[in-house]
Amino acid sequence: MNAANTQSKTCRCLVFNPGLDVLDYRVPAGMTVEPGSVVVAPLGPRQIIGIVWDHGRLPGADFPIAKLRPLLQVLPVPPLPAPLRRLIEWTADYYLSPLSQVARMALSSSAALQGGGMITEYRLADAAHPARITPQRAKAIERLAGAQATIRELAVIADVSDAVLRGMLGAGLLESVRVDSDRAYPEPDPDHAVPVLSDGQAAAADRIIAATRARAFQPFLLDGVTGSGKTETYAEGIAAALAMGRQVLVLLPEIALTQNFLARFEARFGAAPVAWHSGLKASERRRAWRQVSQGGAKAVVGARSALFLPFANLGLIVVDEAHEIAFKQDDGVRYNARDVAVMRARFESIPVVLASATPALESLAMADAGRYERLVLPDRFGGAQMPHIQIVDLREHQPDRGRWLAPPLVKALEERAKRGEQSLLFLNRRGYAPLTLCRACGYRFCCPNCSAWLVEHRLSHRLACHHCGHEVPPPPACPECAEPDCMVACGPGVERIADELREILPDARVMVATSDTLNSADKAAEFVEQVTHGGIDVIVGTQLVTKGFHFPNLTLVGVIDADMGLEGGDLRAAERTYQQIAQVAGRAGRGEKPGEVLLQTRHPDAAVIAALASGDRDAFYAAETEARRDANAPPFGRWAAIIVSSEDEAEAKAAARGIGGTRPTLDDVMILGPAPAPLSLLRGRYRYRLLINARRSSDLQTVLRDWLGPLKFPPGIRVAVDIDPYSFV
Ligand code: ADP
Ligand code: ZN
């Protein structure tokens, strides 16, 4: 029993040391802690950070108090709220991850934990100083326009050394500013610019508003065609939460979409939301984290990691483009942010809106089962028509040799150029060509660390591996047969399509839009700006440009290879192809002029292509649902993957066999493998995989825990469990 106030107590803490998840400590007299308190504790000679946890919820033996060491300090942050602690527990349990690894995602700014206070930042001084301008300084001055940050952060932005900046400070070219890391953000105003909703939008918005006011758990599937105004609709739910003084969280799949969203949000609410993503500077993270935890950040827009922020008073969660696979994290804690968002809403007792024009089959099934409330927006806003989708059968309309655009697509592009309208060509392949051969001996350029081809990037003069980031300059001769100038490009990437376009439309301004060219929020914003103001005629892009963007003068979308996603036999290949093409098609004709979509394919009869052409989404989903039922795939059955890897191939194989050899025999669980994973070498590690297919009703997690828990492996072996996997490589 814990004794009265005057005596010391014990507490159980979650700590972040491998193998030492849970430790008990004594709470010294005069210190108060509660569940969720973030504390500093001794461990041997070191000091570590821990979170005080609800005593009965963590396993561990009770030690006599006399044997426990005292906590050293409570950090000056609000205790992690109970709903977040429950979410951390659920996530660890469901995805079979260590509790501390999940909890660490909530403490995502170490600076924030040290408290608020003043920090010194620097910016370019106003007055033009006659100081000596070296080339380094000139470069810094050019790059630092508008920036304000610590010296270290400015050095990264300016790409110069700290010393150069210190010198500039001494010369009066930089000035220092004291800023409060806890300064509040401008408050969004729910009544700032209220739009007039269409009847359909209003009906959907009313449901979200009512649920927000009711402060009860309620998941919604906001199922609206591209251009139906899903953002305007859920924004009214946001307004309702803000009016109640509560916080809101909007999750987006891609940082590239953030800037666009910030601008729209600001137009509606008069103040931008707080952005949360991996590109933030440390000082921005610190301020955002602290304001979120104190309730001062009213609206947060972020990538999936924002889901574990310590909101003080969350009132609504929105997951936009909820079908996107980018919500699935494939390393560390392998969670799906869409599903975890629903759980967070449940623990917080608030509504959650999953918005999409092409919902995941799993989400539709939940709506059909009545677990999610479905809100449908069947029409585009403002009378815009859905684009007309046409098939270009590549067997009939062959592109010229070494070309990829078939005559009907070329003609459509030429028409757009004449009319001054914009076009978008979609090919989900970065770089110039996916495969490079030696002309003389047929040698294929491969990654030394991965079982993958190197992709030629002509814009950056590199051969690059898209899995591990390995890059080399194109070699002057074949490494195998020494033939000089030997490289032949096979197949198209976006850069090659852009080259072809420049030959067809020499006057067109062509922009390649991929994660290589739009690799920061700023570059993405610049891209949106340029397209919106007519500075670009044709965009050639990967999946990055399929979602979210609204360009009214864009009237043609060409899909270079509609069959590409169907190769490889991935469980979700058909669904993903449907979603990707429907989304990219949805970029066409969003303004007053109608849109046209041309799908280049060799399989016009494939169910997914036919469904896209006929616009019969329901038929596609119905057929896909039956296929999933037959395969006992989600939402009917459940999948999990076990990935065993090692730098040593024999060791990986032996460990995978060891796991296979101890497999349980169960009626409702089928275990396949081990077999080499399709990407059998990744980042220098050899990979073997087992796939588990279970009935919906089976307790898959317990089966896996009982099976894998007792097994021991050599230190070089990594065993990763992926629950509800999306990646089958
Ligand atoms: P979705 O996300 O459903 O594809 P958007 O939210 O991008 O669609 O809306 C499409 C366009 O229509 C946007 O430019 C948006 O601002 C505009 N729009 C939608 N609803 C309204 C409304 N009620 N009032 C004014 N503009 C609207
Ligand atoms: Zn590689």
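None of these values were measured; they are calculated from a predicted model. (Residues numbered from 1 in each chain as written. Chains lettered and ligands numbered in written order. Predicted model: local features only at pLDDT ≥ 70, side-chain atom pairs only at ≥ 80, totals over all residues. Heavy atoms only, no water.)

**A few points about the overall build of the protein**
Spelled out, the test is: Secondary structure follows DSSP: runs of H or I at least 4 residues long count as helices, runs of E at least 2 residues long count as strands, and numbering of each begins at the N terminus. C-alpha atoms define the radius of gyration in this analysis, and the globule rule sets the expected value at 2.2 Å times the number of residues to the power 0.38. Buried residues are those whose accessible area, probed at 1.4 Å on protein chains only, stays under 20% of the maximum for their type, while exposed residues exceed 50% and partly exposed ones sit between those limits. Residues are treated as being in contact if the distance between any of their heavy atoms lies within 4.5 Å. Using the Shrake-Rupley algorithm and a 1.4 Å probe, accessible areas are obtained, with residue cover drawn only from the displayed protein chains. By the counting rule applied here, Lys and Arg register as positive and Asp and Glu as negative, while His and the ends of each chain are not counted. Here the site of a charge means NZ on Lys, CZ on Arg, CG on Asp, or CD on Glu.
Looking only at helices and strands, the protein features 20 helices and 29 strands. The C-alpha atoms of the protein give a radius of gyration of 28 Å, which matches the 27 Å a tight globule of 729 residues would have. Looking at the 729 residues of the protein, the share that counts as buried comes to 52%. Taking as baseline every contact in the protein between residues at least 6 positions apart, the subset at least 24 positions apart corresponds to 75%. When the accessible surface of the protein is summed, it comes to about 31,900 Å², and 51% of that surface belongs to carbon and sulfur atoms. Each charge class in the protein was averaged separately, 81 positive and 82 negative side chains, and the resulting centres sit 6 Å apart.

**What about the nonpolar core?**
Quick note on the threshold: In these notes, a set of buried Ala, Val, Leu, Ile, Met, Phe, Trp, Tyr and Cys residues joined through side-chain atoms within 4.5 Å is what counts as a nonpolar core.
If you look at the biggest cluster of nonpolar residues, it comprises 145 residues, and the most contacted ones within it are Tyr234, Phe527, Ile539 and Leu704. Among all residues touching Ile539, those that are not within four sequence positions of it are Ser423, Leu424, Leu425, Met511, Ala513, Phe527, Val531, Val545, Phe551 and Leu554. One finds Val392, Leu413, Leu425 and Leu427 within the second-largest nonpolar core, a separate group that totals 25 residues.

**Side note on the coordination of the zinc ion (ligand 2)**
Where we set the bar: The donor set comprises N, O and S atoms within 2.8 Å of the metal, extended to 3.2 Å for Na, K and Ca; water molecules are omitted, so apparent gaps in a site may simply reflect that omission.
Cys447 (SG), Cys450 (SG), Cys465 (SG) and Cys468 (SG) make up the full set of protein donors to the zinc ion (ligand 2), lying at 2.2 to 2.4 Å. Between consecutive donors of the zinc ion (ligand 2), the numbers of intervening residues give the motif C-x2-C-x14-C-x2-C. Note that Cys447 is positioned in the loop between β17 (435-438) and β18 (455-457) and Cys465 in the loop between β19 (462-464) and β20 (471-472), a separation of 18 residues in sequence. On the accessibility criterion, Cys465 (3% relative accessible area) is buried.

**Some remarks on unusual backbone geometry**
For the bond from Pro634 to Pro635, the omega torsion is 10°, close enough to zero to count as cis. Gly673 connects to Pro674 through a cis peptide bond whose omega is 5°. Mapped onto the secondary structure, Pro674 falls in strand β27 (residues 669-682). With phi around 50°, Leu96 is a residue other than glycine that occupies positive phi space.

**A closer look at helix α6 (residues 162-170)**
Rules: Working note: the arc is built from the helix axis to C-beta atom directions.
Within α6, the full set of buried residues consists of Val164, Leu165 and Met168. In an axial view of α6, the angular spread of the buried residues amounts to 95°, which keeps them on one side of the axis. Relative to its buried face, α6 has exposed residues pointing more than 90 degrees away, namely Ala163 and Gly170. Close packing links the buried residues of α6 with β6 (118-124), α4 (135-143), α5 (151-158) and β7 (174-180). Two residues or fewer past α6, Gly172 is found with a positive phi of approximately 80°.

**Regarding empty space enclosed by the protein**
Stated precisely, the cut-off is as follows: As defined here, a cavity is a set of points on a 1 Å grid over the protein atoms alone where a 1.4 Å probe fits but cannot get out. A pocket is an open set with protein on both sides within 12 Å along at least five of seven lines, and residues line them when an atom is within 4 Å of a point. Grid points are joined across faces, edges and corners, and a volume is the space filled by probe spheres set on the points. Put simply, Ala, Val, Leu, Ile, Met, Phe, Trp, Tyr, Cys and Pro go in the nonpolar bin, Asp, Glu, Lys and Arg in the charged bin, and everything else, Gly too, in the polar bin.
Counted under the stated rule, the structure contains 4 cavities of 30 Å³ or more. Its boundaries defined by the atoms lining it, the largest cavity holds a volume of some 60 Å³. Along the walls of the largest cavity sit Tyr185, Pro186, Glu187, Pro188, Ala272, Pro273, Val274, Gly296, Ala297, Lys298 and Ala299, which together make up its complete lining. Looking at the lining of the largest cavity residue by residue, the classes come out as 8 nonpolar, 1 polar and 2 charged.

**Digging into the environment of Ala477**
Here Ala477 lies in the loop between β20 and β21 (487-490). Look at Ala477 and you get partly exposed, because its relative accessible area is 26%. Spatially, the C-alpha atom of Ala477 lies 38 Å from that of Asp522, the residues being 45 residues apart in sequence. Setting aside residues up to four positions removed in sequence, Ala477 forms contacts with Ala482, Glu483, Pro484, Asp485 and Cys486.

**Quick look at the layout of surface pockets**
Estimates place the volume of the second largest pocket at around 1,000 Å³. Lining the second largest pocket are 35 residues, and of these Glu362, Met366, Arg371, Tyr372 and Arg696 lie nearest its centre. Mapped onto the lining of the second largest pocket, the elements with two or more residues apiece are α1 (82-94), α11 (337-348), α12 (361-368), α18 (617-630) and β26 (637-646). Ranked by residues supplied to the lining of the second largest pocket, first place goes to α12 with 7 residues. Classifying every residue of the lining of the second largest pocket by side-chain character gives 18 nonpolar, 4 polar and 13 charged.

**Thoughts on helix α14 (residues 494-504)**
With respect to burial, α14 is a largely interior element, 8 of its 11 residues being buried. Of all the residues in α14, the buried ones are Val494, Glu495, Arg496, Ile497, Ala498, Glu500, Leu501 and Ile504. Those residues of α14 that are buried lie in contact with α13 (407-419), β16 (422-426), β18, β21, β22 (510-513) and β23 (538-541).

**Topic: the sheet that holds β19**
This is how the line gets drawn: Two strands are counted as paired when DSSP detects at least two bridges linking them.
The strand order β18-β19-β20 describes an open sheet built from 3 strands, whose pairing is antiparallel. Edge positions in the sheet fall to β18 and β20, since each of these pairs with one other strand and no more. Strand direction decides the pairing type here: β19 and β20, joined by 2 bridges, are antiparallel. Of the residues in β20, the one forming a bridge with Ala464 is Glu471.

**A word on the packing of aromatic side chains**
For clarity, the cut-off: Note on ring pairs: Phe, Tyr and Trp rings are taken, using the six-membered ring of Trp, and paired if centres are within 6.5 Å. Classes follow the plane angle, with under 30 degrees stacked, over 60 edge-to-face and the rest tilted. In our convention, an over-ring charge means Lys NZ or Arg CZ found within 6 Å of a ring centre and within 35 degrees of that ring's normal.
Under the criterion given, the structure shown has 13 aromatic pairs. Lying across the ring of Tyr432, Arg458 places its NZ or CZ 3.7 Å from the centre.

**What to know about the pattern of salt bridges**
Filter applied, for reference: Any Lys or Arg side-chain nitrogen found within 4 Å of a carboxyl oxygen on Asp or Glu counts as a salt bridge.
All chains considered together, the criterion is met by 39 salt bridges. The partner of Glu362 in a salt bridge is Arg572, with the nearest N and O atoms 2.9 Å apart. Here Arg572 lies in the loop between β24 (554-559) and α16 (573-585) and Glu362 lies in helix α12, a separation of 210 residues in the sequence. The closest approach of N and O atoms between Arg462 and Glu471, which form a salt bridge, is 3.5 Å. Taking relative accessible area as the criterion, Arg462 reaches 30% and is therefore assigned partly exposed. Residue classification places Glu471 among the partly exposed positions, given a relative accessible area of 47%. One continuous salt-bridge network, built from bridges that share partners, spans Lys411, Glu415, Arg416, Arg419, Glu421 and Glu596.

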